Amino acid sequence: MGCFFSKKSKRKSAEKENPSPTTTTVESGGNAVPLGNNADEPPKQYSWDKREKVDPKDYMLTGLKDVTVGRLPGKLNGQQFVIQECENCNIYVLDHSATINIDDCVNCRIVLGPVKGSVFFRDCKDIKCVVACQQFRTRDCKKMDVFLCCATQPIIEASTGMKFGCFQYYYPDLAFHFKDAGLSIFNNNWSNIHDFTPVSGENNWSLLPEDSNVLDFVPMPDPESDFKSVRISTEAARSIVPLTKGGRRKDSEESCLFVFFAGEYTTANARKLIDEATSKGFVLIQTKEVSMKPEDAKRVFQSNAEDLVEFISKGPVTALELNGDGVVEACKNIANEVFSGTKLFVSDNKNTSTRDVDSFFNFADMQMGL
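Please read these numbers as outputs of a predicted model, since none were measured by experiment.

### A few points about the nonpolar core
Across soluble globular proteins, nonpolar side chains have a tendency to be buried as a group.
Stage number 1. Judged by nonpolar contacts, the single largest core of 46 residues is most densely connected at Tyr169, Phe178 and Phe258.
Stage number 2. By residue number, the principal contributor to this core is helix 7 (residues 327-338), which donates six residues.
Stage number 3. The contact partners of Phe178, leaving out residues within four places of it in the chain, are Pro114, Ala132, Cys149, Leu183, Ile185, Ile240 and Val241.
Stage number 4. Among the nonpolar cores identified, the runner-up in size contains 36 residues, and Ile83, Ile102, Phe121 and Met144 belong to it.

In structure tokens, the structure reads:
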């Protein structure tokens, strides 16, 4: 009669025949020595043992007064950063970081490179700053002038005298830092402020004058400081982030939607369009970079959707709203003369262009939770 084993008894038999290496021993002079624990072998190195030790002091500025300080490119590399209790300082953080908290600072000029997460100002007053981030928030702050690039809706809470303008800044590594922080230069909601604690009859925030220049608020670094080697520019034309009119009142009732589809030269093409259009006197109102699905294309582009579906699947689309009398015809001419052979969408006529703009940017705001 044949015999059989249950799965359990088979496993026990196998363990008897093939003991686990962790329990195997050899006899040495009467003493049992576990294999694999030879005293001559170096201890095993784990990944967390190999990581470079971080000194918290390298990632904070605290209790400083009347000095020019900050961090040069390559010094933060995505770490968190803290600025606190500084007075009358010029602070330049020219690198990308995870989050930055600024607490109890007075009369400071601050430049923050791209921040992957949040920038949070608390209990600060008389601050002038340039900031690029995913989230921007203030609490218990007074009198701040902010040149901002923010991927989400900026929030102020229990804060007064807040003024906002569009981000304008350049240094050679800035485009790489935007990429490392996961931020798009085309997603900037700088003027779409949410006041978490509004007061009836009062306005806690406003927009800076349209012709405001960063240099009138935040100076270039002291030539004798460590930052003298960084080639900084505050010229609007050189800014990494396109200068947009945002929520300010439009000069014309005619706007045009211009959309580029994913490709190697999308960013360069968008910049070229901005240069061409603004040189003709038109104004850039807003920009967005967002992913779309085929069903989104049908809703946004309507009768043109069928021709665009295959291009939407290649990656995010970059859209721009340009404004001014005659802008639709001008953009169509630019498309034919400058971007011939490039797949794009341009509003067809001024009677339907407003609908094009509203359809796309309403969709983009919904996608981004704005």
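### Quick notes on the pairing of strand 10 (residues 142-150)
The side chains of a regular strand alternate, residue by residue, between the two faces of the sheet.
Stage number 1. A large share of strand 10 lies buried, amounting to seven of its nine residues.
Stage number 2. Direction of pairing for strand 9 (residues 125-139) relative to strand 10: parallel, over a ladder of eight bridges. When the sheet's bridge partners are listed, Cys129 is paired in strand 10 with Val146.

### Digging into the side chain of Ser191
Stage number 1. Positionally, Ser191 belongs in the loop between helix 3 (174-180) and strand 13 (194-195).
Stage number 2. Exposure remark for Ser191: the relative accessible area of 15% places this residue in the buried category.
Stage number 3. Of the polar contacts made by the side chain of Ser191, one reaches the backbone nitrogen of Gly247; its length is 2.8 Å.
Stage number 4. Not counting chain neighbours up to four residues away, the residues in contact with Ser191 comprise Trp205, Leu207, Gly246 and Gly247.

### Looking at the pattern of salt bridges
Stage number 1. In the structure shown here, the tally under the stated rule is twelve salt bridges.
Stage number 2. With its nearest N and O atoms 2.4 Å apart, the salt bridge here joins Glu157 to Arg137. Note that Glu157 is positioned in strand 11 (residues 155-157) and Arg137 in strand 9, a separation of 20 residues in sequence.
Stage number 3. Looking at Arg137, the relative accessible area reads 31%, which means it is partly exposed.
Stage number 4. For Lys245, the salt bridge is made with Glu210, and the minimal N-O distance between the two is 3.0 Å. Residue Lys245 is located in the loop between strand 14 (205-207) and strand 15 (255-260), and its partner Glu210 is located in the loop between strand 14 and strand 15; the two are separated by 35 residues in the primary sequence.
Stage number 5. Sharing partners across several salt bridges, the network here consists of Glu210, Lys245 and Asp251.

What counts as what
Residues numbered from 1 in each chain as written. Predicted model: local features only at pLDDT ≥ 70, side-chain atom pairs only at ≥ 80, totals over all residues. Heavy atoms only, no water. Core = buried A, V, L, I, M, F, W, Y, C linked by side-chain atoms within 4.5 Å. Buried < 20%, exposed > 50% of the residue type's maximum accessible area, 1.4 Å probe, protein only. Helix = DSSP H or I, 4+ residues; strand = E, 2+ residues; numbered from the N terminus. Contact = heavy atoms within 4.5 Å. Pairing = 2+ DSSP bridges. Polar contact = N/O pair within 3.5 Å; in protein donor to acceptor, adjacent residues only side chain to side chain. Salt bridge = Lys/Arg side-chain N within 4 Å of Asp/Glu carboxyl O.

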